[in-house]
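# Results of the structural survey
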Amino acid sequence: MIMLAKKPNTAEPAADATANTANITPLVEKFFGTESPLRNAEKHGYPKYEERPQQREMALNIATALEKGENLCIEAPTGIGKSYAYLVPAALFAKKHSLPVIVSTETINLQEQLVHKDIPVLDKMIEGGFKAALAKGRSHYVCLRRMHFAQEKAKEELFDDNVAGGIRDVARWISGGGEGDRSQMGFQTDPYSWSMVCCETGNCMGPKCQHYRDCFYWRARRTWDEADIVVTNHALLFTSIKVAGSSEYSLLPESCAIVFDEAHTIENEASSHCGLRLNKLGFESFLRKLFDPDKSRGIFFKGGTAGIEIRAAVSNILELSSLYFNSIDNIIHDRKDGTTRFRNPGFVQDLLSEELSSLSKLIQKACELESDENASTELKSYIMKTDAFANEFHNFTCMTLENHVYWAERGERGKTELFAAPLDIREILGENLFNGQRPVVLTSATLSVKKSLQYFCGRIGFAAGESVMLDTVFDYASQMKIYIPKDIAPPEHQNYLDELCDGIRRYVSRTHGKAFVLFTNFEHLRACAEKLRDFFKEKGITLLVHGDGLDRTRMLDKFRKDVDSVIFGAASFWSGVDVPGESLSNVIITKLPFLVPSHPLVEARSETIEKEGGSSFTDYQLPEAILRFRQGIGRLIRTKTDRGIVAILDSRITKKSYGKAFLSSIPECEVIKEE
Ligand code: SF4
C-alpha cells in the first residue's frame with residue numbers, strides 16, 4: 001500500500017530531521033576536493049568542471065548546517081556554481097534520512113535547470129546516485145475521474161460547444177497515451193474546459209477512487225515520496241503552508257530539510273500566497289460553472305426543484321457581484337496609480353457572503369439527494385468552494401483578518417482585484433519555517449545591503465542559524481565599467497523623458513545595442529520606446545519592448561539570437577534573467593528602483609516602521625531599492641569571460657546623499673562620471 005505523505009508543519013517534528021546522525025561533511029569535502037568526481041564530468045559529455053573555492057565553502061557551510069539541524073542564510077554571488085553547492089549536501093543528507101530535502105525556487109527557468117541539467121549530472125557523480133522529482137500543484141494534472149464525469153455531462157448538453165470541444169480534446173489526448181501533465185499536452189485548451197477535467201484540492205477521492213492506481217497526480221506524488229530531492233516552487237510551498245490542516249492531503253511531502261534558492265523573493269511570495277486574492281472574472285466564472293444564465297448552461301442547468309432554486313440563487317449572486325465590484329471600481333476610478341487601500345470596514349456593503357452561504361446550503365441539499373458518488377464528490381467540492389468564497393468576501397469586506405493590509409487594484413485589462421496580505425510575515429515564517437523542525441537554507445546571489453545580511457534576515461525573521469556572505473569569483477575591475485552622466489534632469493522635471501532618451505541613445509550607441517534598458521514603470525518605458533523607435537530603425541538595431549505582445553521567454557530567445565538587439569524591460573527583467581555572452585554587454589538603469597511609496601503594502605509597511613520609531617526611508621525603502629539596483633546590475637556579468645558597461649541615468653545617484661549607499665553596493669570597478 002502507498003503511504004500518503006504526512007501533512008507538513010504539524011506540531012510534531014519531522015521524525016528524523018533533528019536526529020543529527022548524518023555525518024555528511026567528509027563526503028562533501030571529498031566531492032569538492034582534489035579528487036572530485038566532477039573532474040571527469042567532461043569525459044561523460046558534461047561541461048568542464050572548474051574548481052571554485054567559494055563553491056566548496058558554500059557546500060561545506062550547508063553540510064554543517066544540515067548536520068547540526070540549524071538554519072543558514074548564505075549569499076552566493078553569480079558564478080560560484082551555487083546549485084551544485086546545495087544539491088550535493090542536500091542529496092547526501094536526504095540519502096541518510098527517510099524523508100526528502102525540498103528545494104524551492106522562484107522561477108520555472110531555475111527549476112528546469114535543476115531537473116534537466118544539474119541533477120542528471122550529479123546523479124552520475126554521487127556514489128549510488130539519488131532520486132529527484134519535480135513537485136507541481138494538482139491543477140497541472142488531468143483527473144481521470146473528473147474527465148469521465150465531464151464527458152458524461154457534456155453529453156447532457158450542460159456545457160457550450162467550446163467547452164465540450166475542449167473536454168473532448170483532453171480525453172482524446174489521454175486515450176492516445178497522454179501522460180496527464182498539462183505542460184506536455186502540446187495543444188492549448190481554454191481555462192474553463194481545463195478546470196472541468198483537472199485535479200482539484202477537495203475534489204479527490206484518494207485511494208477510494210477507481211482510477212487511483214493510474215491517477216497521473218498520485219503517480220507523480222509517489223515519485224515525490226521515493227525521491228531524495230523534491231524540486232518545487234515558492235508559490236506551492238507557501239500555499240501548502242497556508243492550507244496546512246484545512247485539506248485531507250498535504251500539498252507537499254514532509255521533508256528533512258528545505259533549501260530556498262532565489263530566496264530574495266520570499267517576503268513577497270509569502271505575503272502574496274498566505275493572504276487573500278479575489279477577482280471578478282475568477283469569481284463569476286466559478287458561478288457560471290454552476291449555472292450560466294446568458295448561455296443557459298452549467299452543472300445545474302437541469303435538475304428538478306434543487307436545480308430551479310440554485311439557478312435563481314446563482315443569477316441573483318451574479319447581479320450582486322456586478323453591484324459589488326462596480327462599487328469598488330467607483331472608489332478606484334480616479335486613482336492615477338490604480339490602487340486603493342481600505343483602512344476601515346464598511347467601504348462597500350457585504351452583498352455577497354450571506355447569499356453565497358445560502359447557495360452553499362442549496363448545493364448541500366442537492367448533494368444529499370445525489371446517489372452517484374462521482375456526482376456527489378463534485379458537488380461537495382462546489383460546496384467547499386462556495387463556502388471559501390463566502391468566507392473570503394466576508395473577510396475582505398469586513399476586514400476580519402488581523403494585521404492584514406487590504407486594498408483593491410485595477411488589474412490587467414481593467415479587471416479589478418482585491419487583496420489582503422499579512423503586514424508582517426515574520427510570525428508566519430517563524431511558526432512554519434524557522435521553527436526548529438528541520439534545517440532551512442536560504443540562498444540567492446543578492447541578499448546583502450551595505451555588505452550585510454542583517455536587513456534581509458530582519459525582514460523575514462530569520463532565526464536559529466548563521467548568515468554567510470561569499471566572495472565573488474569575477475574580476476569586476478576588468479570586466480565591468482560604470483558610467484554616470486552628470487546632467488540628466490530629475491524624474492519630476494518636464495524635460496526628464498527627453499533627456500532620458502538622449503542618455504539611452506548615447507549609451508546604446510557605445511555597444512551598438514546588446515543592451516537591457518531597465519525601467520521602473522511601464523508609462524516611462526512605453527513613452528521612451530515611442531520616442532526612440534526611429535533611432536533604433538536607423539541604427540539597424542531590433543528593439544524588443546516589454547508588454548508589446550511577446551512573453552518574457554520569447555523576448556529573451558530573440559534577444560539571445562539577435563546579438564545587437566535591445567530590450568526595454570520593466571520589473572521582471574531586473575532579476576531572474578540570465579543572458580551570458582556578448583548579447584548582453586550593456587545594462588542601462590533608467591531610474592533608481594524605489595518602491596512606489598503609495599502602494600498600499602509599501603505604505604502600510606512604512607507606517608509600521610515609523611510607528612516603531614524607525615525611518616521608513618532608511619530602514620525599508622532605501623535597502624529595498626539597493627537590493628533591486630544590485631539585481632539589475634547583476635544581469636551584466638554572468639561568466640568569467642563576460643565584459644560590459646552599466647549606465648546609470650538617474651542623477652540622484654550623485655546629487656542625493658543616499659546615492660553613496662547605491663554606489664557602495666556596486667562591486668569594485670571603475671566608475672566614470674561623464675559630462
Ligand atoms: S485519485 Fe483523485 S485526482 Fe486521481 S483520478 Fe481519482 S479523484 Fe482524480
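Residues numbered from 1 in each chain as written. Predicted model: local features only at pLDDT ≥ 70, side-chain atom pairs only at ≥ 80, totals over all residues. Heavy atoms only, no water.

### Some thoughts on the overall build of the chain
Our working definition: By definition, any uninterrupted DSSP run of H or I lasting at least four residues is a helix, any uninterrupted run of E lasting at least two residues is a strand, and each is numbered from the N terminus. Both definitions apply: the radius of gyration is a C-alpha atom measure, and the globule rule equals 2.2 Å times residues to the power 0.38. Should any heavy atoms of two residues lie within 4.5 Å, those residues are considered in contact. Surface accessibility in these figures is a Shrake-Rupley result with a 1.4 Å probe; residues are shielded only by whichever protein chains are displayed. By the counting scheme adopted, Arg and Lys are positive, Glu and Asp are negative, and His together with the chain ends is not counted. A single reference atom marks each charge: NZ on Lys, CZ on Arg, CG on Asp, CD on Glu.
A count of helical and extended segments in the chain gives 24 helices and 18 strands. Rg of the C-alpha trace for the chain: 27 Å, near the compact-globule value of 26 Å for 675 residues, within the 12% margin. Each principal axis of the C-alpha distribution contributes one length, and for the chain these read about 80 × 65 × 55 Å. Put simply, of all contacts in the chain between residues at least 6 apart along the chain, 78% involve residues at least 24 apart. Of the accessible surface of the chain, which amounts to about 30,300 Å², a share of 48% is contributed by carbon and sulfur atoms. For the chain, the distance from the average site of its 84 positive side-chain charges to the average site of its 92 negative ones is 3 Å.

### Thoughts on the packing of aromatic side chains
Each aromatic ring pair is summarised here by two numbers: the centre-to-centre distance and the angle between the ring planes. The following threshold applies: Aromatic rings from Phe, Tyr and Trp, with only the six-membered ring used for Trp, were paired whenever their centres fell within 6.5 Å, and each pair was classed as stacked if the ring planes differed by under 30 degrees, edge-to-face if by over 60, and tilted otherwise. Burial classes: relative accessible area under 20% of the type maximum marks a residue as buried, over 50% as exposed, and values in between as partly exposed (1.4 Å probe, protein chains only). Look at NZ for Lys and CZ for Arg. If either is within 6 Å of the ring centre and within 35 degrees of the ring normal, a charge sits over the ring.
The tally for this structure, following the rule as stated, stands at 34 aromatic pairs. Centroid distance Tyr 217 to Trp 224: 6.2 Å. Interplanar angle 90 degrees. Geometry classified as edge-to-face. Comparing Tyr 217 with Trp 224, the two get one shared label, buried. With a centroid separation of 5.9 Å and 85 degrees between ring planes, the pair formed by Phe 516 and Phe 573 is classed as edge-to-face. Placement of Phe 516 in strand β13 (residues 515-518) and of Phe 573 in the loop between β15 (566-569) and β16 (586-589) is noted, with a sequence separation of 57 residues between them. One exposure class covers both Phe 516 and Phe 573, and it is buried. Among the aromatic residues, those joined into a cluster by ring pairs are Phe 283, Phe 286, Tyr 324, Phe 325, Tyr 382, Phe 389 and Phe 393. Of note, Arg 222 hangs over the ring of Tyr 212, and the distance from its end group to the ring centre comes to 5.0 Å. The aromatic ring of Tyr 483 is capped on one face by Arg 510, whose charged end is 5.0 Å from the ring centroid.

### Looking at unusual backbone geometry
Most of the time, phi is negative for any residue but glycine, and the peptide bond is trans. Phi is positive for Met 399, which is not a glycine, with a value near 50 degrees. Assignment of secondary structure puts Met 399 in the loop between α14 (373-397) and β8 (404-410). Assessed through its relative accessible area of 17%, Met 399 is described here as buried. Positive phi outside glycine occurs at Lys 514, with the angle close to 55 degrees. Checked against the element boundaries, Lys 514 lands in the loop between α18 (496-510) and β13. Note on Lys 514: relative accessible area 10%, which makes it buried.

### Observations concerning the site of the ligand
The condition that has to hold: Each residue is tested against the molecule or strand, and it is near if at least one of its non-hydrogen atoms lies within 4 Å. Amino acids outside the nonpolar list (Ala, Val, Leu, Ile, Met, Phe, Trp, Tyr, Cys, Pro) and the charged list (Asp, Glu, Lys, Arg) are all regarded as polar, and Gly is one of them.
Taken together, Cys 143, Leu 144, Arg 145, Cys 199, Cys 204, Met 205, Gly 206, Cys 209, His 211, Tyr 212, Cys 215 and Trp 218 are the residues near the ligand. Tallied by class, the residues present in the shell around the ligand amount to nine nonpolar, two polar and one charged.

### Section: the pairing of strand β10 (residues 440-444)
For the record, the criterion: Here, strands pair whenever DSSP counts at least two bridges between them.
Buried residues dominate β10, accounting for five of its five residues. Side chains of β10 alternate between two faces, with Val 440, Leu 442 and Ser 444 and Val 441 and Thr 443 buried alike. Where strand β1 (residues 71-75) meets β10, four bridges bridge the pair, whose relative direction is parallel. From the neighbouring strand, Cys 73 faces β10, where its bridge partner is Leu 442. Both strand β5 (residues 257-260) and β10 contribute to a ladder of three bridges, which runs parallel.

### Details of the pattern of salt bridges
Going by this rule: In what follows, salt bridge is the name for a side-chain nitrogen of Lys or Arg lying within 4 Å of a carboxyl oxygen of Asp or Glu.
Per the counting criterion, the structure on display carries 39 salt bridges. We note a salt bridge from Lys 280 to Glu 284, for which the minimum N-O separation is 3.6 Å. Of this pair, Lys 280 and Glu 284 both sit in helix α11 (residues 280-290), separated by four residues, roughly a single helical turn. What makes Lys 280 partly exposed here is its relative accessible area of 25%.

### Observations concerning the side chain of Ser 36
Looking at the element boundaries, Ser 36 is found in the loop between α1 (25-31) and α2 (53-68). By relative accessible area, which is 2% here, Ser 36 ends up buried. In this view, Ser 36 contacts Lys 30, Phe 31 and Tyr 49; residues no more than four positions away in its chain are not counted.

### Topic: the nonpolar core
Put simply, the test is: As used here, the term nonpolar core means buried Ala, Val, Leu, Ile, Met, Phe, Trp, Tyr and Cys residues forming a set that is joined through side-chain atoms within 4.5 Å.
Counting residues in each nonpolar core, the largest one holds 100 residues, and the members touching the most others are Phe 260, Leu 356, Leu 359, Phe 393 and Leu 442. Look past the residues within four positions of Leu 356 in its chain and what remains in contact with it is Phe 283, Leu 287, Ile 317, Thr 386, Phe 389, Ala 390 and Phe 393. The next biggest cluster of nonpolar side chains, apart from the first, holds 91 residues, and it includes Ala 59, Leu 92, Ala 257 and Leu 470.

### Overview of the confidence of the model for the chain
Heads up, the rule is: pLDDT runs from 0 to 100 and stands for how confident the predictor is about each residue.
For the chain, mean pLDDT is 91; residues scoring 70 or higher make up 95% of the total. Here residues 1-20 is modelled with pLDDT under 50, and outside its nearest four sequence neighbours on either side it reaches 49 contacts, counting other chains as well. At the level of chain-chain contacts, confidence expressed as ipTM amounts to 0.99, with global pTM at 0.89.

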